[in-house]
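Examination of the molecular architecture
Now for the letters of each chain:
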Amino acid sequence: MFYYISFLRPPPTQAALSGEPILITPQIANDLRTEYYTDVQDIFYSWSLHSPAPSSVITKPVKLTSWRASTMYKEIPVPPPRNVRSGEYWRLILSSGTSRKDQVLSLNDENLGCQPFPVLSDPIFFSARSSKAVKQEQIQRSYALTATNRDHSVIFHIIEQTSFDLDKKIWDSGIGLSSWLIQLHSGMVANTALVSKVKDVLFASKCNILELGAGTGIVAIVLGILRGLLNSPVISGKIITTDLPSALPLLQSNISSSQSLYHPGNAPKGIVASFVSGIDVIVMADVTYNTVSFPALVGTLSRLIMFSMSVAPAKPPLIILGYKERDVAERTLWEMAEKIGIRFEEVAQIPGAVGTPVEVWVGTVLVNT
């Protein structure tokens, strides 16, 4: 399980140049915001200049508070940026440490989740004119990944909603699976025959990938970036993401914000598209939280496999599942999948901070499916 710094009370969209502090209520909780961090944790704040001109100005992190679950509803005043001018937009950054690295979530970190994940507010507009306070509805998290064939990190950003819409938040399995995919790309995972097969297929010069329940898009974005780092003169294939209609605008926005990091021939797409040459890999992360939907999920997998094998009979798709147990009844999915000819095998665990790890499973289609 991972812990996330976020805002129980987010900052406003606009603030006056009065020097008055900005009131927020930070929180540290799990992905669903149902379990709170039980230890004492220092939270540091800094300000990042967003506009009017592109800038790398980030103020030095300063301790804001020591967060405790016993005072989780306490409002905390945050001093505004020094020498802020009217018309400027600034983001508020909350992190668990005092360095720039603490403000970015490194998916390569072998101790991923040992500290609560940092958060950035939406830009706050500072104006000489006073206005009615309107709370923000989105937050941002910055992620870094480093590939073995590159000497620098790639940084991308994911927007989440501050509302209780769970399909518009990062979930543990998305982070855990993304971390494992980066390790797989870098050759840092146990090299079993099945894992080698997954690597060969995912990072071939041509690969068609379909993600079910993509949420905010982190897994598809990571795959798009990793495939863009392949040492191949020609990279092709499609990465198609799917989710409920209400989740698609945010999903598409997140995918588009990292457009410059993808190879032109293999950018993720948040739209329905056809795979005329079949599907090579089906990806899922945290799709098991509702056991009532299992028949529909298994039926979807069955139809996708049948379609793919109708156009590429010798090449049934692999299925990669990022899973965190929330109820033991969720594991009936494995039995239901085997009845339609899918056999899952666990290949990794990503431990996180405490409690239940993220498990990575690979499903293969039995020959007689």
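Just above, that's the structure.
Just so we're clear, the structure is a prediction, and the values are computed from it rather than from any experiment.

**A look at the packing of helix α1 (residues 172-186) against helix α2 (residues 193-202)**
The contact between α1 and α2 brings their axes to 10 Å, and the two run at 90 degrees. The pairing of α1 with α2 is recorded here as roughly perpendicular in orientation. Every residue of α2 that contacts α1 at Trp 180, Leu 181, Leu 184 and His 185 is listed here: Val 195, Val 198, Lys 199 and Leu 202. Grouping the constituent residues of the contact of α1 with α2 by class yields six nonpolar, one polar and one charged.

**Focus on the packing of aromatic side chains**
Overall, the coordinates contain ten aromatic pairs when judged by the stated rule. Ring centres 5.4 Å apart and planes at 15 degrees place the aromatic pair Tyr 143 and Phe 156 in the stacked group. One end of the pair, Tyr 143, is in strand β11 (residues 138-145); the other, Phe 156, is in strand β12 (residues 154-161), with 13 residues separating them in the sequence. Across this residue pair, the class does not change: Tyr 143 and Phe 156 are buried. Between Tyr 323 and Trp 334 the ring centres are 5.1 Å apart and the planes differ by 75 degrees, which places this aromatic pair in the edge-to-face class. Here Tyr 323, found in strand β17 (residues 318-323), pairs with Trp 334, found in helix α6 (residues 332-339); they are eleven residues apart in sequence, far enough to count as distant. Taking the relative accessible area as the measure of exposure, Trp 334 reaches 12% and is therefore buried. An aromatic cluster is present here, built from Tyr 323, Trp 334, Phe 344 and Trp 361 joined pairwise through their rings. Cation over ring: Arg 33 sits above Tyr 4, and NZ or CZ is 5.5 Å from the ring centre.

**Quick look at α1**
Here α1 contains 15 residues, and its C-alpha end-to-end distance of 21 Å stays within 8% of the 21 Å for a straight helix at 1.5 Å per residue. Counting buried positions along α1 gives 14 out of 15 residues, so the element sits mostly inside the fold. Positive phi shows up at Gly 187, right after α1, with a value of about 75 degrees.

**Looking at the layout of surface pockets**
Approximately 660 Å³ is the volume attributed to the largest pocket. Taken together, 28 residues line the largest pocket, and the ones lying closest to its centre are Gly 213, Asp 243, Asp 286, Val 287 and Tyr 289. Breaking the lining of the largest pocket down by element, the ones donating at least two residues are β13 (209-212), α3 (218-228) and α5 (294-311). The dominant element in the lining of the largest pocket, judged by the number of residues it contributes, is α5, at three residues. The residue inventory of the lining of the largest pocket, partitioned by class, reads 14 nonpolar, nine polar and five charged. Here the second largest pocket is characterised by a volume of approximately 410 Å³. Along its surface, the second largest pocket is lined by 20 residues, and Lys 101, Asp 102, Val 104, Leu 105 and Ser 106 are the ones closest to its centre. Here the residues of the lining of the second largest pocket are counted per class, giving nine nonpolar, seven polar and four charged.

**Topic: the side chain of Ser 258**
Topologically, Ser 258 is positioned in the loop between α4 (248-257) and β15 (268-269). When residues no more than four places from it in sequence are discounted, the contact partners of Ser 258 are Phe 156, His 157 and Ile 221.

**Things to note about the environment of Val 134**
Looking at the secondary structure, you find Val 134 in the loop between β10 (124-127) and β11. Residue classification places Val 134 among the partly exposed residues on the basis of a relative accessible area of 45%. Considered as a pair, Val 134 and Asn 231 are 97 residues apart in the sequence and their alpha carbons are 48 Å apart. Not counting residues up to four positions away in its chain, the partners in contact with Val 134 are Pro 11, Pro 12 and Thr 13.

**What to know about the nonpolar core**
One finds Phe 156, Ile 175, Trp 180 and Leu 202 to be the most contacted residues of the largest nonpolar core, which totals 54 residues. Per-element accounting of this core gives the leading share, eight residues, to α3. Counting residues in hydrophobic clusters, the runner-up holds 26 residues, among them Ile 5, Ile 24, Tyr 37 and Val 84.

**Considerations on the pairing of β11**
Counting buried residues along β11, seven of its eight residues qualify, which places the element largely inside the surrounding structure. Where strand β8 (residues 105-106) and β11 come together, two bridges link them in parallel fashion. By the bridge assignment for β11, Leu 105 is matched with Tyr 143. Bridge count for strand β9 (residues 119-121) against β11 is two bridges, and the pairing is antiparallel.

What counts, and at which threshold
Residues numbered from 1 in each chain as written. Predicted model: local features only at pLDDT ≥ 70, side-chain atom pairs only at ≥ 80, totals over all residues. Heavy atoms only, no water. Axes fitted to C-alpha atoms, helices over the stretch in contact; angles between N-to-C directions. Helix = DSSP H or I, 4+ residues; strand = E, 2+ residues; numbered from the N terminus. Parallel < 35°, antiparallel > 145°, perpendicular 65-115°, else oblique. Contact = heavy atoms within 4.5 Å. Nonpolar A, V, L, I, M, F, W, Y, C, P; charged D, E, K, R; others polar. Phe/Tyr/Trp six-rings, centres within 6.5 Å; stacked < 30°, edge-to-face > 60°. Buried < 20%, exposed > 50% of the residue type's maximum accessible area, 1.4 Å probe, protein only. Lys NZ or Arg CZ within 6 Å of the ring centre and 35° of its normal. Expected span 1.5 Å × (residues − 1). 1 Å grid on protein atoms, 1.4 Å probe; cavity = no way out; pocket = protein on both sides within 12 Å on 5 of 7 lines; lining within 4 Å. Points joined across faces, edges and corners; volume = space filled by probe spheres on them. Core = buried A, V, L, I, M, F, W, Y, C linked by side-chain atoms within 4.5 Å. Pairing = 2+ DSSP bridges.

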